[in-house]
Amino acid sequence: GDPPIITVSGVTLGGHYSTPVLATVTILDAYLDPTRISIHISRFGGGTNTLTNGVPYTVTNDGGYKIDAYAVDLVGNVAFISNMIFALDRAVPTTKLAVGSPVYFAGTNTYVSAVTRMTLIVSDAGTVSTIATGRYRINSGTEAAYVGPFGVGTNTNGRRTVVFYARDGAGNTEPAHMTNLIL
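All figures in this text were calculated on a predicted structure; none of them were measured in a lab.

Draft legend 1. View of the overall build of the chain. The number of helices and strands found in the chain is zero helices and 16 strands. In summary, the chain has a C-alpha radius of gyration of 25 Å against a globular reference of 16 Å for 183 residues, an excess of more than 25%. Along the longest, intermediate and shortest principal axes, the C-alpha atoms of the chain span 80 × 30 × 20 Å. Of the contacts made within the chain by residues no fewer than 6 positions apart, 58% connect residues no fewer than 24 positions apart. For the chain, the computed accessible surface area is about 10000 Å², with 56% contributed by carbon and sulfur atoms. Here the chain contributes 11 positive and 11 negative side-chain charges, whose respective centroids are spaced 20 Å apart.

Draft legend 2. Region of the structure containing a nonpolar patch on the surface. Among the surface-exposed residues, L13, F44 and I85 lie close enough to one another that they form a single nonpolar patch of about 300 Å² accessible area. Structurally, the position occupied by F44 is in the loop between β4 (32-43) and β5 (48-50).

Draft legend 3. Highlighting unusual backbone geometry. Going from S101 to P102, the amide bond is cis rather than trans, its omega being -5°. For P102, the position within the fold is in the loop between β9 (94-99) and β10 (103-106).

Draft legend 4. Expanded view of the sheet that holds strand β1 (residues 5-9). Spatially, the three strands line up as an open sheet ordered β1-β3-β6, and their pairing is antiparallel. The open sheet has two free edges, formed respectively by β1 and β6 (57-59), since each of these has just one partner strand. Averaged over all adjacent pairs, the angle separating strand axes in this sheet is 20°, with direction ignored. In this structure, strand β3 (residues 21-28) lies alongside β6, joined through three bridges in antiparallel fashion. Within β6, the residue paired with V21 across the bridge is V59.

Draft legend 5. View of the nonpolar core. The biggest cluster of nonpolar side chains holds 20 residues, and the ones touching the most others in it are V11, V25, I41, V59, I67 and F86. Elements supplying a minimum of two residues to this core: β3, β4, β7 (63-73) and β8 (78-88). In contact with F86, other than residues within four places in its own chain, are V11, T12, G15, Y17, V21, I41, V59, G63, G64, Y65 and I67. In this structure, L97, V112, V152 and F164 belong to the second largest nonpolar core, which totals 12 residues.

Draft legend 6. Molecular detail of the confidence of the model for the chain. The pLDDT averaged across the chain works out to 92; a share of 96% of its residues lies at or above 70. Mean pLDDT in the chain bottoms out at strand β2 (residues 16-17), which sits at 91, and peaks at β1, which reaches 97.

Draft legend 7. Region of interest: the pairing of strand β15 (residues 159-167). Of all nine residues in β15, seven are buried, a share of seventy percent or more. Inspection of the sheet shows strand β13 (residues 133-138) paired to β15 by six bridges, in the antiparallel sense. Looking at β15, one finds that R137 is bridged to V163. Sheet topology places β15 next to strand β16 (residues 177-182); six bridges connect them, and they run antiparallel. Within the sheet, the bridge partner assigned to V163 lies in β16 and is M178.

Rules and cut-offs
- Every chain begins its residue count from 1, and numbering advances along the sequence as written.
- In view of the model being predicted, local features appear only for residues whose pLDDT reaches at least 70, and side-chain atom pairs are presented and counted only at 80 or more, with totals across whole chains, interfaces and linings using the full set of residues.
- For the side-chain quantities, the full set of heavy atoms in the structure was used; hydrogens and water were omitted.
- Strands here are runs of E lasting at least two residues and helices are runs of H or I lasting at least four, both read from the DSSP assignment and numbered beginning at the N terminus.
- The size measure is the radius of gyration over C-alpha atoms, and the globule rule it meets is 2.2 Å times the number of residues to the 0.38 power.
- Throughout, a residue-residue contact means that at least one pair of heavy atoms, one from each residue, lies within 4.5 Å.
- Residue exposure ignores everything except the shown protein chains as possible cover, and the areas themselves are Shrake-Rupley values with a 1.4 Å probe.
- His is not counted, nor are the chain ends; Lys and Arg add positive charge and Asp and Glu add negative charge.
- The atom standing in for a charge is NZ when the residue is Lys, CZ when it is Arg, CG when it is Asp and CD when it is Glu.
- Residues enter a patch when their relative accessible area is above 30% and they make no salt bridge; the linking distance is 9 Å between like charges and 5 Å between nonpolar side chains (Val, Leu, Ile, Met, Phe, Trp, Tyr).
- Take a side-chain nitrogen of Lys or Arg and a carboxyl oxygen of Asp or Glu: if they are within 4 Å of each other, that pair is a salt bridge.
- Strand pairing is assigned whenever DSSP detects at least two bridges linking the two strands.
- Axis angles are defined between N-to-C directions and span 0 to 180 degrees, where every axis is a line fitted to C-alpha atoms and, for a helix, only to the segment in contact.
- To form a nonpolar core, buried Ala, Val, Leu, Ile, Met, Phe, Trp, Tyr and Cys residues must be joined to one another through side-chain atoms within 4.5 Å.
- Exposed residues in this analysis have more than 50% of their type's maximum accessible area, buried residues have under 20%, and partly exposed residues fall in between, with area computed by a 1.4 Å probe over protein chains only.
- Think of pLDDT as the predictor's per-residue confidence, scored from 0 to 100.

Next comes the structure, spelled out in structure tokens:
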């Protein structure tokens, strides 16, 4: 006969989630031996919980998780899944704009030149998602992915508005920030 069928719903292998999830492990077999089922969810750096076949388990704490399941039917057929890894990350990244030289501050105005470089400093308290990536645009221009220091234009004098924010691998996005500069 065929081995038991193990399915996992609510999460996917390698998935990154920004809101709590319901993980369900279901084991099906017409001749399943209920005494030979093992379903566990472990949080990296934390504890392990035993799950009940077909009953949703709510994951609410940030971190990396692993699901392992094992089942044997009455005929001796074995099925297992191991290292079904996913992550919950609800932390929103933060971004700061560092204005390079030359720069001049006068009251609430910040003056820069055509050679002044801007740097986005992105941080994310979430430790399990992919690294947060910065995005920016100048005035009403096209939004761009931050890959390194950038300038705000040519020698044409005038005001520049830099809008910037960050997003992490779980989809957490911070509200956009805006800084006005004078070239």
